[in-house]
Amino acid sequence: MYLTPEIKQSIFAKYGTSATDTGSPESQIALFTYRINHLTEHLRKHKKDKSTERALVMLVGKRKKLLNYLKDVDIERYRKIINELNIRK
């Protein structure tokens, strides 16, 4: 498994408000980014894996929706998470 409970806890502790904060947009965006990076590496090796490609596109869409929500609610938190995860230019 690439995503163990320990990895999830460390992501939530780093990007959320606490180690058990799984619902904040920042922690969810960080988790989606971790999963997106993993699936991207997988697809570089297995180019014809269309189901994984679809899952990747869906994850990117979910992350984009959360980023748009965060941008509308609090632009400073949005800028901070973008810089920490190096998502955009």
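Throughout what follows, the structure given in this document is the object of discussion.

Thresholds applied
Residues numbered from 1 in each chain as written. Predicted model: local features only at pLDDT ≥ 70, side-chain atom pairs only at ≥ 80, totals over all residues. Heavy atoms only, no water. Core = buried A, V, L, I, M, F, W, Y, C linked by side-chain atoms within 4.5 Å. Buried < 20%, exposed > 50% of the residue type's maximum accessible area, 1.4 Å probe, protein only. Helix = DSSP H or I, 4+ residues; strand = E, 2+ residues; numbered from the N terminus. Contact = heavy atoms within 4.5 Å. Expected span 1.5 Å × (residues − 1). Axes fitted to C-alpha atoms, helices over the stretch in contact; angles between N-to-C directions. Parallel < 35°, antiparallel > 145°, perpendicular 65-115°, else oblique. Left-handed = near helix turned anticlockwise from the far one by under 90°. Nonpolar A, V, L, I, M, F, W, Y, C, P; charged D, E, K, R; others polar.

## So, the nonpolar core
Turning to step 1, where the next piece is worked out: Counting 20 residues, the largest nonpolar core has Tyr 15, Ile 29, Leu 67, Ile 81 and Leu 85 as its most contacted members.
Turning to step 2, where the next piece is worked out: Elements with a contribution of two residues or more to this core: α1 (5–15), α2 (25–45), α3 (50–73) and α4 (75–85).
Turning to step 3, where the next piece is worked out: If near-sequence neighbours (up to four positions away) are discounted, Leu 85 is found in contact with Tyr 15, Ile 29, Ala 30 and Thr 33.

## Remarks on the environment of His 42
Turning to step 1, where the next piece is worked out: Examined against the element boundaries, His 42 turns out to sit in helix α2.
Turning to step 2, where the next piece is worked out: Note: C-alpha distance between His 42 and Lys 65 (23 residues apart in sequence) is 24 Å.
Turning to step 3, where the next piece is worked out: Contacts of His 42, omitting those with residues within four sequence positions, involve Asp 49 and Thr 52.

## Things to note about α2
Turning to step 1, where the next piece is worked out: For α2, built from 21 residues, the straight-helix expectation of 30 Å at 1.5 Å per residue is met to within 8% by its first-to-last C-alpha distance of 31 Å.
Turning to step 2, where the next piece is worked out: Against α1, α3 and α4 lie the buried residues of α2.

## Quick word on the packing of α2 against α4
Turning to step 1, where the next piece is worked out: The contact between α2 and α4 brings their axes to 11 Å, and the two run at 25°. The angle between α2 and α4 places the two elements in the roughly parallel class. The chirality of how α2 crosses α4 is right-handed. Where α2 approaches α4, its residues Pro 25, Glu 26, Ile 29, Ala 30 and Thr 33 are matched on the opposing element by Arg 77, Ile 81 and Leu 85.
Turning to step 2, where the next piece is worked out: Looking at the contact of α2 with α4 residue by residue, the classes come out as 5 nonpolar, 1 polar and 2 charged.

In short, geometric facts, not functional conclusions.
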